[in-house]
Amino acid sequence: MPPRQRLRPTERRAQLLAVAAQLFAARPYDEVLMEDVAEHAGVSRALLYQHFANKRDLFAALYQQVAEQLLARTRLDPAETLVEQLTEGLDAHIEYFAENRNTVLAANRVLAGDRVVQTIIAGELDALRERLLGVLPLADDKTREAVSGALKSWLVFVQVLCVDWLTKETCTRAELRDVCIGAVLGAIRPLLDEDPAPDWLP
């Protein structure tokens, strides 16, 4: 074990999460042990447990951080077209999923029944839905409600499709992204008075 560095609690927590991110990305969830995290971080197991009560709590804290980072990378810019915004947001998510396959599979499959982790995922999807609603041409509250429902279902579709893609890459990243874009445009076009992507052909 390397010499322990003296860090403030917030710095130590950030360090432990950084180490956990590397380990959960490199190995399946079941193969990551708290002892491994402590060893790689150069701390005692007791110190690790002061910050995180168990592996699930550590992973949940990590995935909350991931969700916040992905949301930060997918801020929608009204100055761009809807397709440009969707492309940038989906590319950021797919890139992270591809580079952190084990982490994503852990959150969506191994811990699919975990309330805390699923609440984090649901929170990110709700935030993405609100951002999309903010840039779409919605005529009234009734239209907003209808589009919101379509977007909620679409985001779950994207989540399931991307997780399945991680287990067997049956298409390229660009093709995966374009399938997702085509799906959302097909879902919301009938509900809008104005086509949000007139240059995008089905």
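Visitor: Describe the overall build of the chain, with residues and values.
Guide: On a plain count of helices and strands, the chain comes out with nine helices and zero strands. Along the chain, helices and strands appear, N-terminal first, in the series α-α-α-α-α-α-α-α-α. Overall size of the chain, expressed as C-alpha extent along the three principal axes, is 65 × 35 × 30 Å. The contacts of the chain with a sequence gap of at least 6 include a subset with a gap of at least 24, amounting to 65%.

Visitor: Can you explain the side chain of N108? Please cite residues and give values.
Guide: The topology assignment puts N108 in helix α6 (residues 101–110). Among the polar contacts made by the side chain of N108, one reaches the side chain of Q159 at a distance of 2.6 Å. Beyond its immediate sequence surroundings of up to four residues, N108 is in contact with Y63, I121, Q159 and V163.

Visitor: Break down the packing of aromatic side chains for me, citing the residues and quoting the values.
Guide: Evaluation of the coordinates by the stated rule reveals five aromatic pairs. Relative to F59, the ring of Y29 has its centre 5.5 Å away and its plane inclined at 90 degrees; by these criteria the two rings are edge-to-face. You can see Y29 sitting in the loop between α1 (9–26) and α2 (34–41) and its partner F59 sitting in helix α4 (residues 55–73), a full 30 residues away along the chain. Taking the relative accessible area as the measure of exposure, F59 reaches 0% and is therefore buried. With 6.5 Å between their ring centres and 70 degrees between their planes, Y96 and F97 make a pair best called edge-to-face. Exposure remark for Y96: the relative accessible area of 12% places this residue in the buried category. Given a relative accessible area of 11%, F97 falls into the buried group. Of note, K55 hangs over the ring of Y29, and the distance from its end group to the ring centre comes to 4.2 Å.

Visitor: Lay out the packing of helix α5 (residues 82–99) against α6 with the relevant residues and their values.
Guide: One can describe the packing of α5 onto α6 by two numbers: an axis separation of 5 Å at closest approach and a directional angle of 100 degrees. The pairing of α5 with α6 is recorded here as roughly perpendicular in orientation. Of α6, the residues touching α5 (which contributes Y96, F97, A98 and E99) are R101, T103 and V104. Partitioned by chemical class, the residues of the contact of α5 with α6 number four nonpolar, one polar and two charged.

Visitor: Residues and numbers for helix α8 (residues 141–167), please.
Guide: In this model α8 runs 39 Å from its N-terminal to its C-terminal C-alpha over 27 residues, within 8% of the 39 Å that 1.5 Å per residue would give. Sitting at the amino-terminal end of α8 is D140, which places a side-chain oxygen 3.2 Å from the backbone nitrogen of K142.

Visitor: Give me the lowdown on a negative patch on the surface, citing residues and values where you can.
Guide: Residues D140, D141, E145, D193 and E194 make up a contiguous surface patch of negative charge. By the element assignment, E145 lies in helix α8. Its relative accessible area of 62% is what places E145 among the exposed residues.

About the criteria used
Residues numbered from 1 in each chain as written. Predicted model: local features only at pLDDT ≥ 70, side-chain atom pairs only at ≥ 80, totals over all residues. Heavy atoms only, no water. Helix = DSSP H or I, 4+ residues; strand = E, 2+ residues; numbered from the N terminus. Contact = heavy atoms within 4.5 Å. Polar contact = N/O pair within 3.5 Å; in protein donor to acceptor, adjacent residues only side chain to side chain. Phe/Tyr/Trp six-rings, centres within 6.5 Å; stacked < 30°, edge-to-face > 60°. Buried < 20%, exposed > 50% of the residue type's maximum accessible area, 1.4 Å probe, protein only. Lys NZ or Arg CZ within 6 Å of the ring centre and 35° of its normal. Axes fitted to C-alpha atoms, helices over the stretch in contact; angles between N-to-C directions. Parallel < 35°, antiparallel > 145°, perpendicular 65-115°, else oblique. Nonpolar A, V, L, I, M, F, W, Y, C, P; charged D, E, K, R; others polar. Expected span 1.5 Å × (residues − 1). Patch = residues over 30% accessible without salt bridge, like charges linked within 9 Å, V, L, I, M, F, W, Y side chains within 5 Å. Areas by Shrake-Rupley, 256 points an atom, 1.4 Å probe, with all protein chains shown as cover. Salt bridge = Lys/Arg side-chain N within 4 Å of Asp/Glu carboxyl O. Lys, Arg positive; Asp, Glu negative; His and termini not counted. Charge placed at Lys NZ, Arg CZ, Asp CG, Glu CD.

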